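An overview of the molecular structure
These are the residues of each chain, in order.
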Amino acid sequence: MHKLGVITTLLGLILSVVGLVVGFWKMLNGSENAEVWLSLVPLGFVGLFLGVTLTQLSNKR
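Residues numbered from 1 in each chain as written. Predicted model: local features only at pLDDT ≥ 70, side-chain atom pairs only at ≥ 80, totals over all residues. Heavy atoms only, no water.

What about the side chain of Thr-9?
As for its placement among the helices and strands, Thr-9 is situated in helix 1 (residues 2-28). At a separation of 3.4 Å, a polar atom in the side chain of Thr-9 contacts the main-chain carbonyl oxygen of Gly-51. Among the polar contacts listed, one links the side chain of Thr-9 to the backbone nitrogen of Val-52, at a separation of 3.3 Å. Once residues within four sequence positions are removed from consideration, Thr-9 is found in contact with Gly-47, Leu-48, Gly-51, Val-52 and Thr-55. (Helix = DSSP H or I, 4+ residues; strand = E, 2+ residues; numbered from the N terminus. Polar contact = N/O pair within 3.5 Å; in protein donor to acceptor, adjacent residues only side chain to side chain. Contact = heavy atoms within 4.5 Å.)

Here's what the structure looks like:
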């Protein structure tokens, strides 16, 4: 469970950062699909919080 938590935390962090960077870059350049990239940010936060919770609740042997 600890390994799954670490992987989920990293994936959530990557999703959030990519969503913010690409979403704002596309929004500033006038692209129509910036909201698709920005919608990845809440999903990334959910993954980040789930991963941190899994990591903290697991047995660290």
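So, a nonpolar patch on the surface
A contiguous nonpolar patch, built from Leu-13, Val-17, Leu-20, Val-21, Phe-24 and Met-27 and spanning about 520 Å² of accessible area, is present on the exposed surface. Among the structural elements, Leu-20 can be located in helix 1. In this structure Leu-20 comes out as partly exposed when scored by relative accessible area, which is 37%. (Patch = residues over 30% accessible without salt bridge, like charges linked within 9 Å, V, L, I, M, F, W, Y side chains within 5 Å. Areas by Shrake-Rupley, 256 points an atom, 1.4 Å probe, with all protein chains shown as cover. Salt bridge = Lys/Arg side-chain N within 4 Å of Asp/Glu carboxyl O. Buried < 20%, exposed > 50% of the residue type's maximum accessible area, 1.4 Å probe, protein only.)

Let's talk about the packing of aromatic side chains
Counting across every chain of the model gives 1 aromatic pair. Here the aromatic rings of Phe-45 and Phe-49 are separated by 6.3 Å at their centres, their planes lie at 20 degrees, and the arrangement is stacked. Taken as a pair, Phe-45 and Phe-49 lie in helix 3 (residues 40-57) at a separation of 4 residues, close to a single helical turn. Its relative accessible area of 40% is what places Phe-45 among the partly exposed residues. Overall, the relative accessible area of 54% leaves Phe-49 in the exposed class. (Phe/Tyr/Trp six-rings, centres within 6.5 Å; stacked < 30°, edge-to-face > 60°.)

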